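Architecture at a glance
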Amino acid sequence: MVDGRVVEAGGGALVVRRRPRERTRAAVLVLHGGQENGRRPTRAWQPAALRMRPFLSAAASVSSPHDVLIGQVRYRYQGWNDAADPLQDTLRALDELRALAGDASVVLVGHSMGGRAALRAAADPSVCGVLALAPWCPPGDPVDGLAATRILVLHGDRDRITGPADSAAYVRQARRAGAEAGMVLLRGGDHAMLRRSRDWHRASAAAVRQLLSPARDLDGWTAEACASPEPLLR
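A few points on the structure. (Residues numbered from 1 in each chain as written. Predicted model: local features only at pLDDT ≥ 70, side-chain atom pairs only at ≥ 80, totals over all residues. Heavy atoms only, no water.)

One non-glycine residue, Ala148, lies in positive phi territory at about 75°. Along the polypeptide, Ala148 turns up in the loop between strand S6 (127–133) and strand S7 (150–156). The exposure class of Ala148 is exposed, given its relative accessible area of 53%. Unusually for a residue other than glycine, Arg196 sits at a positive phi of about 60°. Locating Arg196 in the fold gives a position in the loop between strand S8 (180–186) and helix H6 (197–212). (Helix = DSSP H or I, 4+ residues; strand = E, 2+ residues; numbered from the N terminus. Buried < 20%, exposed > 50% of the residue type's maximum accessible area, 1.4 Å probe, protein only.)

What follows is the structure in structure tokens.
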């Protein structure tokens, strides 16, 4: 938990880890990984879910407790399955967030399968930005409705589970669809984000801070990544 309190919306897909003290201006929703197929129910103690706790803390550390909500998407099943179940859960969570907080702008932070769900949900009108961590980006996934959306991808160059080349191809397609998109390759980084874990957390915190900013212009490495024709190697 971020602040010791958990609030679950009635629909069950949104779990609020930190509710703002004042009116909600923005929100960060974290999405963990999973499997290609699997209908076992998800559990909070699964490694994929526990892996995202430092990223919840990173998001909380760079956002105001006064007006930024921190939450998670809770999946019904551990797998993506034929129906893209985590995507449907993410869209339900966004609906629940709108019922709870109105027109707050949302940044999605997803790892692996959660990265795929976040990227697929990026066309939702509430979503202003996506941080995809070692995302699963199979060829052929749609990039519709991404105009003016900011997308940042972090991927380890030693990832043997999801392909960095697929992520790079997705970024190129997203740019052609009108997104402001960029990618950083972490030298020596693995899929579980255990190698160079501090760098994963620090880069994620910096990316979330940028994506939450009302200013349209990115700066630092995020701007460099979005301007570079190829992924940055760090």
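What follows is about the packing of aromatic side chains. Following the criterion strictly, the structure yields one aromatic pair and no others. Ring plane angle 75° and centroid distance 5.8 Å describe the contact between Trp80 and Trp136, whose orientation is recorded as edge-to-face. Residue Trp80 is found in the loop between strand S4 (68–73) and helix H3 (85–101), and its partner Trp136 is found in the loop between S6 and S7; the two are separated by 56 residues along the sequence. The class of Trp80 is buried, set by a relative accessible area of 5%. Above the ring of Tyr77, the side-chain terminus of Arg39 is found at 5.0 Å from the ring centroid. Taking the ring centre of Trp136 as reference, the NZ or CZ of Arg116 above it sits at 4.3 Å. (Phe/Tyr/Trp six-rings, centres within 6.5 Å; stacked < 30°, edge-to-face > 60°. Lys NZ or Arg CZ within 6 Å of the ring centre and 35° of its normal.)

So, about helix H5 (residues 164–176). For H5, spanning 13 residues, the distance from its first C-alpha to its last is 19 Å, which sits close to the expected 18 Å at 1.5 Å a residue. Buried within H5 are the following residues: Pro164, Ser167, Ala168, Tyr170, Val171 and Ala174. Down the axis of H5, the smallest arc covering the buried residues is 160°, so these residues share one side. Those residues of H5 that are exposed and aimed more than 90 degrees away from the buried face are Ala165 and Arg176. (Expected span 1.5 Å × (residues − 1). Arc of directions from axis to C-beta.)

Generally speaking, nonpolar side chains in soluble globular proteins are found buried as a group. Judged by nonpolar contacts, the single largest core of 41 residues is most densely connected at Leu29, Leu97, Leu108, Val130, Leu146, Ile151 and Tyr170. For this core, the element with the most residues is H3, which contributes five residues. Look past the residues within four positions of Leu29 in its chain and what remains in contact with it is Leu14, Leu69, Gly71, Gln72, Val73, Leu94, Leu97, Val106, Val107, Leu108 and Val109. Residues Val30, Val107, Leu133 and Ala206 belong to the second largest nonpolar core, which totals 35 residues. (Core = buried A, V, L, I, M, F, W, Y, C linked by side-chain atoms within 4.5 Å. Contact = heavy atoms within 4.5 Å.)

Turning to the environment of Ala49, a few remarks are in order. Position of Ala49 among the secondary structure elements: in helix H1 (residues 47–50). Once the C-alpha coordinates of Ala49 and Pro229 are considered, the two residues, 180 residues apart in sequence, prove to be 33 Å apart. Other than its neighbours up to four places away in sequence, Ala49 contacts His32, Arg43 and Ala44.

For Ser112, the location among the structural elements is in the loop between strand S5 (105–111) and helix H4 (113–120). Among the residues examined, Ser112 registers a relative accessible area of 8% and is labelled buried. Within polar-contact distance, the side chain of Ser112 engages the side chain of His191 at 3.0 Å. (Polar contact = N/O pair within 3.5 Å; in protein donor to acceptor, adjacent residues only side chain to side chain.)

Another point: the pattern of salt bridges. A full pass over the atoms with the stated rule returns 12 salt bridges. The shortest N-O distance in the salt bridge between Arg98 and Asp95 comes to 2.6 Å. Of this pair, Arg98 and Asp95 both sit in helix H3, three residues apart, which is roughly one turn of the helix. With relative accessibility at 28%, the residue Arg98 sits in the partly exposed group. Taken together, the shared-partner salt bridges connect Arg39, Arg76, Asp85, Asp89, Arg92 and Glu96 into one network. (Salt bridge = Lys/Arg side-chain N within 4 Å of Asp/Glu carboxyl O.)

Locating Asp141 in the fold gives a position in the loop between S6 and S7. We classify Asp141 as buried; its relative accessible area is 13%. A polar contact is formed between the side chain of Asp141 and the side chain of Arg116, at a distance of 2.8 Å. When sequence neighbours within four positions are dropped, the list of residues in contact with Asp141 reads Arg116, Arg120 and Gln173.

So yeah, pure geometry; function would need other evidence.
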